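Chain by chain, the residues run as shown.
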Amino acid sequence: METATKALVLQGGGALGAYQAGVYEALIESDNKLDWVAGVSIGAINAALIAGNAPAQRVARLAEFWQQVSSGPAQNMPTSWGDRAWLNQWSAASAALAGIPGFFRPRADPALLLGGGARVLSYYDPQPLKATLERLVDFDRINRQEIRLSVGAVNVRSGNSIYFDNQTHKIGVEHIMASGALPPGFPPVQIDGQHYWDGGILSNTPLQYVLDSFPRTRRLVVLQVDLFSARGPMPTTISEVIERQKDIGYSSRTRVNTNALASSVNLQQAVADLIKKLPARLRSDPAVATLREHLTHQPVDIVHLIYRDKPYELDSKDHEFSRAMVKEHWEAGARDMRNTIAHPEWLQRATENGITTFDLAEPGPGRVRHPGPEAGKLTTP
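Residues numbered from 1 in each chain as written. Predicted model: local features only at pLDDT ≥ 70, side-chain atom pairs only at ≥ 80, totals over all residues. Heavy atoms only, no water.

Let's shift gears to the pattern of salt bridges. In this structure the tally under the stated criterion is 15 salt bridges. When the shortest N-O distance is used, the salt bridge between Arg-61 and Glu-64 registers 3.6 Å. Residue Arg-61 and its partner Glu-64 are both found in helix α3 (residues 58-68); the two are separated by three residues, about one turn of the helix. Taking the shortest distance from any N to any O, the salt bridge between Arg-144 and Glu-146 comes out at 3.2 Å. In this structure, a network of salt bridges that share partners links the residues Glu-243, Arg-244, Asp-247, Asp-309 and Lys-317. (Salt bridge = Lys/Arg side-chain N within 4 Å of Asp/Glu carboxyl O. Helix = DSSP H or I, 4+ residues; strand = E, 2+ residues; numbered from the N terminus.)

Structure below.
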C-alpha cells in the first residue's frame, strides 16, 4: 500500500500558538516523517520554524522562539480563578502597551493621537519579529523543498486569499510576515508590488488549500491543530462575551469548511463506487470511465485536534504572552498529542475511500469521528 503523505495544518491564534509547538514536539517523538506543513498567522510562524530547520533542531528552535516572545515566571502562579484571570488580563494589557520582545513594539508616532484619522497603517512595528525570524529560520533550507511549506495571506486591494508555497514561490521572511500581519495591529507587507494582511481575515486555517492542492490519486493524512473551540459555555461577563465571539468566529469556518468538503468528496466517492457496480458494457464507455476516474479519491484522514482553554483564559488569551501561559499551552499540546498517539483505536477508519474526519476536541473518551456519509457518526470507545 502506498505510504500516505503527512501534512501538519496550523491555525492562527497569537499566543495560543505555543500549543501547536507542544503538539509538534509530541508528534515527532513517535513519527518524525512530515511531508508538508501549512499555516496561517502564528501557525505560519510555527510552520516556518519547522520547515526552516533540520529535524533535530526544530523543537529547540520552536522553544527558543516562544522563550523569546514570552516574559515573567514560568511557574508559581496563583491557582485561584480570580487571581489568575486578573494576572492574565494584566499581562495582556502590558503587552498591548509595551509590546513583546522579539515580536513587536508600539509605534512612537504622534499621529496616533488623532485616533482613527491617523495616517498610519498600524499601532505596532513588527520589525523585531523580522529579526527573530531571520535568526531562527533558514530560508535557504525552506527553498530547497526538503519539506513543503505553505502560508496564507490576504491581498489588501483585491480581498482575495493567496498561499505562498515553496513549490511555487521563493519563500522569504516577508512571506511569513505577511501571513501574520493582522490589522490594525500590524501593517500590510509589500511583496512584488502587492500588499498583504494576515490570512486569518478570510480563513483561519489552510486546510482547504491543502486539500485542493493535493492530488486525489494519493493518500493523505492531515493533522489539523486549531486554537479556538466552537463549543463553549454561555458567557456571563463582557470579557466572556468577547472571548466567545472570537472562539465562534475563528473556529466555525474551520468546522463548516471541513464538513462541507468531506460531504462533497464522500458524495463523489459514493458515485464512483456506484459506477463500479454498472454492467461491464457501461463501465467500458470512455465517458463513464473518465467520470469514475475524476470522482475517485484515495483516502484522506483529517485528525482535528483543538485546544481547550482554561477557565481563567478570557478575551485576552490570544495576546497574553506571559511565560507561565506559554508553558501551559505548550504542555497542553504535548499532552493532547501524546494522549491521541496512545489511543490508536480512536483513529480507525470507517471507510476505505473518501474523507474521514476525527474530531479530537473533547478530552478522554467520547471523541467523535465523522466517516463517509454511508457510515454515520461514531464515537470511539
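A few words now on empty space enclosed by the protein. By the definition in use, this model includes one cavity of 30 Å³ or more. Counted as a void, the largest cavity has a volume near 40 Å³. In this structure, the largest cavity is lined by Asn-88, Glu-313, Leu-314, Ser-316, Lys-317, Glu-320, Met-325 and His-329. (1 Å grid on protein atoms, 1.4 Å probe; cavity = no way out; pocket = protein on both sides within 12 Å on 5 of 7 lines; lining within 4 Å. Points joined across faces, edges and corners; volume = space filled by probe spheres on them.)

This brings us to a positive patch on the surface. Taken together, the side chains of Lys-276, Lys-277, Arg-283 and Arg-292 make up a positively charged region of the molecular surface. Mapped onto the fold, Lys-277 is located in the loop between α9 (238-276) and α10 (280-283). (Patch = residues over 30% accessible without salt bridge, like charges linked within 9 Å, V, L, I, M, F, W, Y side chains within 5 Å. Areas by Shrake-Rupley, 256 points an atom, 1.4 Å probe, with all protein chains shown as cover. Lys, Arg positive; Asp, Glu negative; His and termini not counted. Charge placed at Lys NZ, Arg CZ, Asp CG, Glu CD.)

Glancing now at the nonpolar core. Core analysis: the largest hydrophobic core is formed by 66 residues, its most contacted members being Val-37, Trp-66 and Phe-103. Ranked by residues supplied to this core, first place goes to helix α2 (residues 42-51) with eight residues. With residues up to four places along the chain from it excluded, the contact list for Trp-66 reads Gly-14, Ala-15, Gly-17, Ala-18, Ala-21, Ile-42, Asn-46, Phe-321, Val-326 and Trp-330. In this structure, Leu-207, Phe-214, Leu-220 and Ala-262 belong to the second largest nonpolar core, which totals 19 residues. (Core = buried A, V, L, I, M, F, W, Y, C linked by side-chain atoms within 4.5 Å. Buried < 20%, exposed > 50% of the residue type's maximum accessible area, 1.4 Å probe, protein only. Contact = heavy atoms within 4.5 Å.)

With 10 of 10 residues buried, α2 is to be regarded as a mostly interior element. Listing the buried residues of α2 in full gives Ile-42, Gly-43, Ala-44, Ile-45, Asn-46, Ala-47, Ala-48, Leu-49, Ile-50 and Ala-51.

Here the focus is the pairing of strand β5 (residues 148-155). With respect to burial, β5 is a largely interior element, eight of its eight residues being buried. Of the two faces of β5, the one carrying Arg-148, Ser-150, Gly-152 and Val-154 and the one carrying Leu-149, Val-151, Ala-153 and Asn-155 are both buried. By the bridge criterion, five bridges tie strand β2 (residues 36-40) to β5 in an arrangement that is parallel. Across the sheet, the residue bridging to Trp-36 is Arg-148, located in β5. Sheet topology places β5 next to strand β6 (residues 161-165); five bridges connect them, and they run antiparallel. The residue bridging Gly-152 from the neighbouring strand is Tyr-163, located in β6. Hairpin connection of β5 to β6: five residues between the antiparallel strands, including Gly-159 at a positive phi of 75°. When β5 meets strand β8 (residues 194-198), the two strands line up antiparallel, connected through three bridges. Bridge pairing in β8 places Ala-153 opposite Asp-198. (Pairing = 2+ DSSP bridges.)

Now for unusual backbone geometry. Omega for the peptide link from Pro-183 to Pro-184 comes to -5°, which places this bond in the cis form. Relative to the assigned elements, Pro-184 resides in the loop between α7 (173-179) and β7 (189-191).

Moving on to the pairing of strand β9 (residues 220-226). Burial analysis of β9 places six of its seven residues in the buried class, the great majority of the element. The pairing of β9 with strand β10 (residues 300-306) spans seven bridges and is classified as parallel. Bridging across to β10, Val-222 finds its partner in Ile-302.

With that settled, consider the packing of aromatic side chains. Evaluated as defined, the whole model comprises 13 aromatic pairs. Members of the aromatic cluster, each reached through a chain of ring pairs, are Phe-65, Trp-66, Phe-103, Phe-104, Tyr-124, Phe-186 and Phe-321. (Phe/Tyr/Trp six-rings, centres within 6.5 Å; stacked < 30°, edge-to-face > 60°.)

With respect to the helices and strands, Ala-272 occurs in helix α9. The spatial distance from the C-alpha of Ala-272 to the C-alpha of Leu-295 is 5.6 Å, given a sequence separation of 23 residues. In contact with Ala-272, other than residues within four places in its own chain, are Arg-292, Leu-295 and Thr-296.

Residues annotated in UniProt with the feature "short sequence motif: GXGXXG" (unreviewed entry) correspond here to residues 12-17. Secondary structure over residues 12-17 splits into 0% helix and 0% strand, and the C-alpha atoms at its two ends are 7 Å apart. (UniProt positions renumbered as here; feature names shortened; annotations may be inferred.)

Following both chains from N to C, one finds helix α1 (residues 18-30) and helix α12 (residues 323-341) inclined at 35°, their axes separated by 6 Å at the closest point. Here α1 and α12 pass one another in a crossing that is right-handed. Contacts between α1 and α12 involve Ala-18, Tyr-19, Ala-21, Gly-22, Val-23, Glu-25, Ala-26, Leu-27, Glu-29 and Ser-30 from the first element and Val-326, His-329, Trp-330, Ala-332, Gly-333, Ala-334, Asp-336, Met-337, Arg-338 and Ile-341 from the second. (Axes fitted to C-alpha atoms, helices over the stretch in contact; angles between N-to-C directions. Left-handed = near helix turned anticlockwise from the far one by under 90°.)

The next subject is the layout of surface pockets. Rolling a probe over the atoms, with the probe sized like a water molecule, indicates the empty space that remains. Computed from the structure, the largest pocket encloses a volume of approximately 710 Å³. Elements with a minimum of two residues in the lining of the largest pocket: α2, α4 (81-98) and α9. Considering each element in turn, the lining of the largest pocket owes the most residues, three residues, to α4. Among the residues forming the lining of the largest pocket, the class breakdown is 18 nonpolar, nine polar and three charged. (Nonpolar A, V, L, I, M, F, W, Y, C, P; charged D, E, K, R; others polar.)

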